[in-house]
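Residue strings, one per chain:
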Amino acid sequence: MKEFWKKYWSLPAAVVVFSMVGIIWPGKMVDILPETCNFLLQVILIVPAVLLLMGLFEVWVPRSLVKKQMGSGSGIRGIVLAFVFGTAPTGPLYIAFPIAVALLKKGARVSNVAVFLGAWAAAKVPQIMVEIQFLGPAFAVVRLTMTFIAIVIIGYLVEYFSGPANIRE
Amino acid sequence: MVLVIIYGIVVLCLGVSLVYDRDRTMKAFKVTWMMLKRMLPPTLAIAGFIGMVMGFVPREVISHYMGNSSGLLGVFGAAAVGAVAFIPGLVAFPFAGSLLDQGASVMIAASFVTTLTMVGVVTAPLEASELGLRFTLWRNGLSFVFALILGVLVGVVL
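Sequence order as written defines residue numbering, which begins from 1 separately in each chain. Working convention: letters from A go to chains and numbers from 1 go to ligands, in the order in which they are written. Given that this is a predicted model, residues contribute local features only at a pLDDT of at least 70 and side-chain atom pairs are listed and counted only at 80 or more, while totals for whole chains, interfaces and linings are drawn from all residues. Only heavy atoms go into the side-chain values, all of them from the structure, while hydrogens and water stay out.

### Re the overall build of chain B
1) Next: In terms of helices and strands, chain B carries eight helices and zero strands.
2) Next: Note on conventions: DSSP H or I runs of at least 4 residues are helices, E runs of at least 2 residues are strands, and numbering of each starts at the N terminus. Mapped in sequence order, the helices and strands of chain B form the string α-α-α-α-α-α-α-α.
3) Next: The C-alpha atoms of chain B give 19 Å as radius of gyration, which overshoots the globular expectation for 158 residues (15 Å, by more than 25%).
4) Next: Taking the principal axes of its C-alpha atoms as reference, chain B extends roughly 55 × 40 × 30 Å.
5) Next: Put simply, of all contacts in chain B between residues at least 6 apart along the chain, 77% involve residues at least 24 apart.
6) Next: In these tables, accessible area is a Shrake-Rupley quantity obtained with a 1.4 Å probe, and a residue counts as shielded only by the protein chains included in the view. On chain B, roughly 7600 Å² of surface is accessible, and the fraction owed to carbon and sulfur atoms is 74%. Two things to know: the radius of gyration comes from C-alpha atoms, and the globule rule equals 2.2 Å times the number of residues to the power 0.38. Two residues form a contact once any of their heavy atoms are found within 4.5 Å.

This is how it looks when you write it as structure tokens:
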């Protein structure tokens, strides 16, 4: 039960706030409800489909495969692989941390692991589709191009500053 | 258009998956349902939040504080909110889209979604316990700085 509240606290909190607003300013609900419903509708149209794509990827491409392929990668090959696996339709960033640890233990370069995390966070294919849908193709292309460049630079800087020895316990 | 492409890809993948392995496809549905359940509460909360922002905050206020006139301080603020907020990426984009529609600047939207996806203050303790404190601080810190630069650059280009 405690676990349940920890996971889903935002929902009852939102309901309480929403009802209070409705009671205090009933007139405002005329503006608020359509906006809320419109947002939900837009999200419902796209998010379940994207999640299904992620679900399919998860059962067909197990995470162990990602670890196996990335461990040996170094140099350009390593960066490319880091991007390929990072862009795959997978879950949120914190799922990638254990994979990153496994990669480091297998001898992957720190910079590649940082690139992998960056790509995982920012460059997932379904996420890009959502970005195009809601922010427009021009915005998505410009932002993502710069993000790719930034991810590689960040990867090397992280390796330079934090050093390989300090990461492994 | 994007919707058509996404649904096309989904139907294609689903079809291929069903043909090759029925059980595995059912497992995929299960995994999807788990993810959907996890995402639903924050999504509903954000939907309510958006409605209230639209209902209470006049357009002029949004475009004043989040528009082009907000300058670097606005970009920094948006990046900071993105770094701290724990919103699923898939919901963050429609959220940023709504802000853009209401007059927020492109710089703000770009730096917000960049830190939101790449910097995680909430998940930093977890990251540090797995990858070490130095790695975590440098990765998140550098990502934050680059998100600021990137936000400004995107604003300049568009």
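### Section: the overall build of chain A
1) Next: When its secondary structure is counted, chain A shows nine helices and zero strands.
2) Next: Scored against the burial criterion, the 169 residues of chain A give a buried share of 53%.
3) Next: Sequence separation of 24 or more characterises 71% of the internal contacts of chain A that already satisfy a separation of 6 or more. Working definition: with a 1.4 Å probe on protein chains only, accessible area under 20% of the residue-type maximum means buried, over 50% means exposed, and in between means partly exposed.

### Focus on the environment of Leu73 of chain B
1) Next: As for its position among the elements, Leu73 of chain B is in helix α4 (residues 71-84).
2) Next: Note: C-alpha distance between Leu73 of chain B and Leu14 of chain B (59 residues apart in sequence) is 46 Å.

### A closer look at the nonpolar core
1) Next: Nonpolar cores are built from buried Ala, Val, Leu, Ile, Met, Phe, Trp, Tyr and Cys residues. Side-chain atoms within 4.5 Å join them into one set. Judged by nonpolar contacts, the single largest core of 84 residues is most densely connected at Phe39, Phe116 and Leu117 of chain A together with Ile6, Leu90, Phe112 and Leu131 of chain B.
2) Next: In terms of residue count, the dominant contributor to this core is helix α3 (residues 29-60) of chain A (13 residues).
3) Next: Dropping the residues within four chain positions of it, Phe39 of chain A is found in contact with Thr43, Ile46, Ala47, Ile50, Val91, Pro94, Phe95 and Ser98 of chain B.
4) Next: Grouped together as the second largest cluster of nonpolar side chains are five residues, Phe18, Met29 and Ile32 of chain A together with Met52 of chain B included.

### Considering the pattern of salt bridges
1) Next: Whenever Lys or Arg places a side-chain nitrogen within 4 Å of a carboxyl oxygen from Asp or Glu, that contact is recorded as a salt bridge. Applying the stated criterion across every chain, the model contains four salt bridges over all chains.
2) Next: We note a salt bridge from Arg109 of chain A to Glu159 of chain A, for which the minimum N-O separation is 2.5 Å. Taken together, the positions of Arg109 of chain A in the loop between α6 (96-105) and α7 (110-122) and Glu159 of chain A in helix α9 (residues 137-162) put the pair 50 residues apart, joining distant regions of the chain.
3) Next: Residue Arg109 of chain A is classed as partly exposed on the basis of its relative accessible area, which comes to 33%.
4) Next: A salt bridge links Asp21 of chain B to Arg24 of chain B; its shortest N-O distance comes to 3.6 Å.
5) Next: According to the relative accessible area criterion, Asp21 of chain B is partly exposed, its value standing at 25%.

### A look at the interface of chain B and chain A
1) Next: Each partner contributes to the interface: chain B provides 72 residues, whereas chain A provides 68 residues.
2) Next: Linking chain B to chain A there are zero salt bridges.
3) Next: Pairs of N or O atoms are called polar contacts if they sit within 3.5 Å, as long as, within protein, a hydrogen donor faces a hydrogen acceptor (for residues adjacent in sequence, only side-chain-to-side-chain pairs). On inspection of chain B and its partner chain A, the count reaches seven residue pairs in polar contact (both at pLDDT 80 or more).
4) Next: Looking at the side of chain B that touches chain A, the element that brings in the most residues is helix α2 (residues 22-56) of chain B, giving 26 residues.
5) Next: Each residue gets one label: Ala, Val, Leu, Ile, Met, Phe, Trp, Tyr, Cys and Pro are nonpolar, Asp, Glu, Lys and Arg are charged, and the others, such as Gly, are polar. A per-class count over the side of chain B that touches chain A returns 49 nonpolar, 14 polar and nine charged.

### Notes on the packing of α9 of chain A against helix α6 (residues 106-118) of chain B
1) Next: Lines fitted to C-alpha atoms define the axes here, with helix axes fitted over just the stretch in contact, and angles between the N-to-C directions of these axes take values from 0 to 180 degrees. Closest axis-to-axis distance for the α9 of chain A/α6 of chain B pair is 11 Å, and the angle between their directions is 45°. One element, α9 of chain A, and the other, α6 of chain B, form an angle in the oblique class. Along this stretch, α9 of chain A crosses α6 of chain B, giving a crossing that reads as right-handed. Within the contact between the two elements, α9 of chain A uses Phe139, Arg143, Thr147, Ile151 and Ile154 of chain A and α6 of chain B uses Val106, Ala109, Ala110, Val113, Thr114 and Met118 of chain B.
2) Next: Looking at the contact of α9 of chain A with α6 of chain B, its residues break down into eight nonpolar, two polar and one charged. For classification, angles of less than 35 degrees are called roughly parallel, those exceeding 145 degrees roughly antiparallel, those between 65 and 115 degrees roughly perpendicular, and all remaining angles oblique. Crossing handedness follows the turn of the near helix against the far one: under a right angle anticlockwise gives a left-handed crossing, and clockwise gives a right-handed one.

### Notes on the domain arrangement of chain A
All names here are of chain A.
1) Next: With domains assigned, chain A is organised as domain 1 (1-60) and domain 2 (61-169).
2) Next: Domain 1 puts nine residues into the contact, and the matching count from domain 2 is eleven residues.
3) Next: Across the interface of domain 1 and domain 2, roughly 1000 Å² is buried in total on both sides, 76% from carbon and sulfur atoms.
4) Next: At the boundary of domain 1 with domain 2, the tally comes to zero salt bridges.
5) Next: Across the domain 1-domain 2 interface, the total number found is zero residue pairs in polar contact (both at pLDDT 80 or more).
6) Next: Here the side of domain 1 that touches domain 2 is composed, by residue class, of seven nonpolar, one polar and one charged. For the purposes of this description, domain bounds are those given by an automatic or database domain assignment. Summed over both partners, the accessible area lost on bringing two parts together, with a 1.4 Å probe, is the buried area.

### Things to note about α3 of chain A
1) Next: To estimate how far a helix should reach, multiply one less than its number of residues by 1.5 Å. If you check α3 of chain A, its first and last C-alpha atoms are 45 Å apart, about what 32 residues at 1.5 Å a residue would give, namely 46 Å.
2) Next: Taking the largest bend as the criterion, α3 of chain A deviates by roughly 30°, centred on Ile44 of chain A, and proline Pro48 of chain A comes between one and four positions later. In this analysis the local bend is the angle between axes fitted, respectively, to the seven residues ending at and the seven residues starting at the residue.

### With respect to the side chain of Gln102 of chain B
1) Next: With respect to the secondary-structure elements, Gln102 of chain B resides in the loop between α5 (89-101) and α6.
2) Next: Judged by its relative accessible area of 16%, Gln102 of chain B is buried.

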